[in-house]
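The residues making up each chain are set out below.
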Amino acid sequence: MIVPMKKISLVVLDAERKKALQKLRKLGLVHIEEVEGRGETFNEYKNNFEKLQNAYALVSEIKRKDLKNAQKPLSFEEASAKAAEITARSAELKDMEDKILSARTELERLELWGGVDTDDLAFLQEKNIALSLYEIAADKYALLGEEVKTIFVNRDKNTVRFLLIEKDGNAAENVSDKASLPPEAYAVPLPPVSTKKLAEEIENLRTEKKQKAEKIASAAVYTQALKNAAAMAEKALEFENLNSGMGRDEEGEYALAWLTGYIPASDLAKLQAAAQKEQWALVAADPAEEDAVPTKLKNNKLVSLIYPLSDFLDVVPGYREYDISGWFLLFFAVFFGMIFGDAGYGFLMVVLSLVMTFIGLAKGKKPKSEAGLLFILGASTLVWGTLTCSWFGIPHDKLPRALVSLAFEPFSSAYAAQSEANNRRVVQNLQIFCFSLALFHLSVAHIKSIVRNIRSLKFLGDFGALLMLWGMFYVVLNMVVDNERFPFDAPLPIAALSGYPILYPVALLVGVGFALSFVFSSYEGSIKDSILSSLQNLISVLLGVVNVFSDIVSYIRLWAVGLAGAAISSTVNTMAGPMLGGFIIFAGILLLVFGHGLNLILNVLSVIVHGVRLNTLEFSNHLGMVWAGFKYKPFKE
């Protein structure tokens, strides 16, 4: 559930501001609204933190294990000095890289000239002989008049390079008086120094760069010290940010400072006791509609297993949205099992989760949530793979009969392989299961909305959306699965009694559902205003019906992606099979490990893309969630 919050405002004497913040940090319960620090001390703390953070980022990327395994301690002051040294050298390296790039660009630009010596050109200029570098199309060079004095340098297929000679000053100006160069002639800018010096400069810079890089690499022995110092600097910056950013009135003996924040309602009494003891002024109230309230989730140990995933995805429900952690865990586990789709993979995951748990217990640690989540996902994959008779992509005729017999015949690949009719039936069954799963999943979303709005006529709009969902489910079965098994012209049983044979389920459900949704989906106390709102967004309302169809169909990805994974497993086995019986057995084993390992990685990516999407997009859209929240992070030590 989403923990109820209270908005608090705290007022203290400005002279006791720092002491109050220390007490508040020790209490560790208040999520303080964002403030912006100011002042020299704040800027100093901020610069020091950024310097330490950047230095840690640099040394943490160094791959030398001999240095990483020989960590040396540093005091906070020493770490700050070391960070300044590392960042300064890093800036020097960046400057060298820019100089090298600039010099290489010049060399590449003049490469076809064979080398240019600016000193020689300057010497000739002093002797009143100006030479300029030009390039021109080969056919145009032959058309230059005799009055244009040039020295041919070289040519390629399309371009001629030449020097333009002028004995009486600047070549370009004087030639324009005597004879015009064709507009196609391009004056090549001279480099800042000779190409020979550019090449030497590049080599010198590379040598110096290598030396500085080695000095930075040697700082890898301080990786942990820099990390610890950066963490300390971050906490100091957080404190100074609040200390300097708190609201304050004019200076004086009784000047005041204040802040606002949020605290779980269940912890308010602790803050009130602290305020009374420290003689702070405290006001607490329910958050207003426009307040940006942090979200704190509280669930049982089982549901909390989903937190590592939600933290990784950085998705947080808004304070006034729904906590769908339990539903997220349930359906994600099902989606995960269907996408991985292989009982062998599931078995490996279950074993790995148990090993992680036992290792932790042996070290006296509590089992990690990650291990529990992996166990659930592995168990789901094991169950689904068993039902579909999928074990490491091994053909069913080579599996033990015991494993084949555990399969659920309507979903079993072994049953499907017996005949074309069986295969068609199994495919249809899997499609129907995906769409039925979509129906159940999205129905949960609409039922939750109905329950939330049950005291308002708006619930009728949610009920109408639910009816449309059920009607479009039948449309999907007809259009995607089999129009003979699920015909549109199958009337409801009550049609014969009512005398209206056109009373078909699709027309009834979609029609009534659309009408209710159109009238009540925007209801806020006035039916007239709700209808006008729907009319103003008529195109979106009509497209909403199509979106329901596409949302249901999108669940077919669970079967399709699982099918692709099974095909990869089978292909890997087919490639490695001939190797396992000969002298290159090790190559076969290596191919199996690599192929199935790659398939596991692809499946993980598929789960993130598809399994997560169905929860955070399709399900959330039908629920009206936009994941607009941010986590409750109390100010604490």
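### Points about the sheet that holds strand β5 (residues 159-166)
Working step 1: Spatially, β4-β5-β3-β6 is the arrangement adopted by the four strands of the open sheet, whose pairing is antiparallel. Each having just a single partner strand, β4 (150-155) and β6 (186-187) make up the two edges of the open sheet.
Working step 2: In this sheet, β5 lies alongside β4 in antiparallel orientation, the contact comprising five bridges. Bridging from a neighbouring strand, R155 pairs with V160 of β5.

### Some remarks on the packing of aromatic side chains
Working step 1: Going through the model one piece at a time under the given rule, you end up with 18 aromatic pairs.
Working step 2: Ring centres 6.0 Å apart and planes at 25 degrees place the aromatic pair W327 and F331 in the stacked group. With W327 and F331 both in helix α12 (residues 325-340) and four residues apart, the pair spans about one turn of that helix.
Working step 3: Overall, F331 belongs to the buried group, its relative accessible area being 2%.
Working step 4: The structure contains a cluster of three or more aromatic residues connected by ring pairs, namely W327, F331, F335, F440 and Y555.
Working step 5: Above the plane of the ring of Y322 lies R452, whose end atom (NZ or CZ) is 4.2 Å from the centre.

### Some thoughts on the nonpolar core
Working step 1: Membership of the largest hydrophobic core comes to 61 residues, with the highest contact counts inside it found for I306, I324, F332, F435, I552 and L558.
Working step 2: Ranked by the residues each element gives to this core, the list is headed by helix α17 (residues 420-452), at 12 residues.
Working step 3: Sequence-distant contacts of I324, defined by excluding residues within four places in its chain, comprise K448, N615, F619, S620, L623, M625 and W627.
Working step 4: Membership of the second largest hydrophobic core comes to 27 residues, among which are L29, V30, I32 and I263.

### Some remarks on the pattern of salt bridges
Working step 1: One pass over the structure, following the stated rule, counts 20 salt bridges.
Working step 2: Salt-bridge contacts for E97 lead to K209; the nearest nitrogen and oxygen are separated by 3.5 Å. Of this pair, E97 sits in helix α4 (residues 76-109) while K209 sits in helix α8 (residues 195-218); the two residues are 112 residues apart in sequence, bridging distant segments of the chain.
Working step 3: For E97, a relative accessible area of 35% corresponds to the partly exposed category.
Working step 4: Two residues, E289 and R320, come together in a salt bridge whose shortest N-O distance is 3.9 Å. Remark: R320 occurs in the loop between α11 (307-313) and α12 and E289 occurs in the loop between β9 (281-285) and α11; sequence separation between them is 31 residues.

### Examining the layout of surface pockets
Working step 1: What the largest pocket holds in volume is close to 930 Å³.
Working step 2: As for the largest pocket, its lining consists of 34 residues, of which A465, S517, S521, N621 and H622 are closest to the centre.
Working step 3: Secondary-structure elements contributing two or more residues to the lining of the largest pocket are α17, α18 (458-481), α20 (505-520), α21 (527-536), α22 (538-553) and α24 (585-623).
Working step 4: When residues in the lining of the largest pocket are grouped by element, the largest group, seven residues, is from α22.
Working step 5: Taken together, the residues of the lining of the largest pocket sort by class into 12 nonpolar, 16 polar and six charged.

Criteria and thresholds
- In every chain, residue numbers begin from 1 and rise along the written sequence.
- A pLDDT threshold of at least 70 governs which residues receive local features in this predicted model, and a stricter bar of 80 or more applies before side-chain atom pairs are shown or counted, although totals over entire chains, interfaces and linings include all residues.
- In computing side-chain values, all of the structure's heavy atoms are included and hydrogens and water are not.
- Two strands qualify as a pair provided that DSSP identifies no fewer than 2 bridges between them.
- Strands are runs of DSSP state E lasting at least 2 residues, helices are runs of H or I lasting at least 4, and numbering of each runs from the N terminus.
- Any pair of Phe, Tyr and Trp rings, taking the six-membered ring for Trp, is counted once the centres come within 6.5 Å. Such a pair is stacked with planes under 30 degrees apart, edge-to-face with planes over 60 apart, and tilted for the rest.
- Categorising residues by exposure relies on relative accessible area from a 1.4 Å probe, with only protein chains included: less than 20% of the type maximum marks a residue as buried, more than 50% marks it as exposed, and the intermediate range marks it as partly exposed.
- Definition used: whenever NZ (Lys) or CZ (Arg) falls within 6 Å of the ring centre and also within 35 degrees of the ring normal, the charge is taken to sit over that ring.
- As used here, the term nonpolar core means buried Ala, Val, Leu, Ile, Met, Phe, Trp, Tyr and Cys residues forming a set that is joined through side-chain atoms within 4.5 Å.
- In what follows, a contact means two residues having at least one pair of non-hydrogen atoms within 4.5 Å.
- Salt bridge, as used here, is a side-chain nitrogen of Lys or Arg placed within 4 Å of a carboxyl oxygen of Asp or Glu.
- Cavity means a closed set of points on a 1 Å grid over the protein atoms alone, one where a 1.4 Å probe fits but cannot get out, pocket means an open set with protein on both sides within 12 Å along at least 5 of 7 lines, and lining means a residue has an atom within 4 Å of a point.
- Grid points are joined across faces, edges and corners, and a volume is the space filled by probe spheres set on the points.
- Each residue gets one label: Ala, Val, Leu, Ile, Met, Phe, Trp, Tyr, Cys and Pro are nonpolar, Asp, Glu, Lys and Arg are charged, and the others, such as Gly, are polar.

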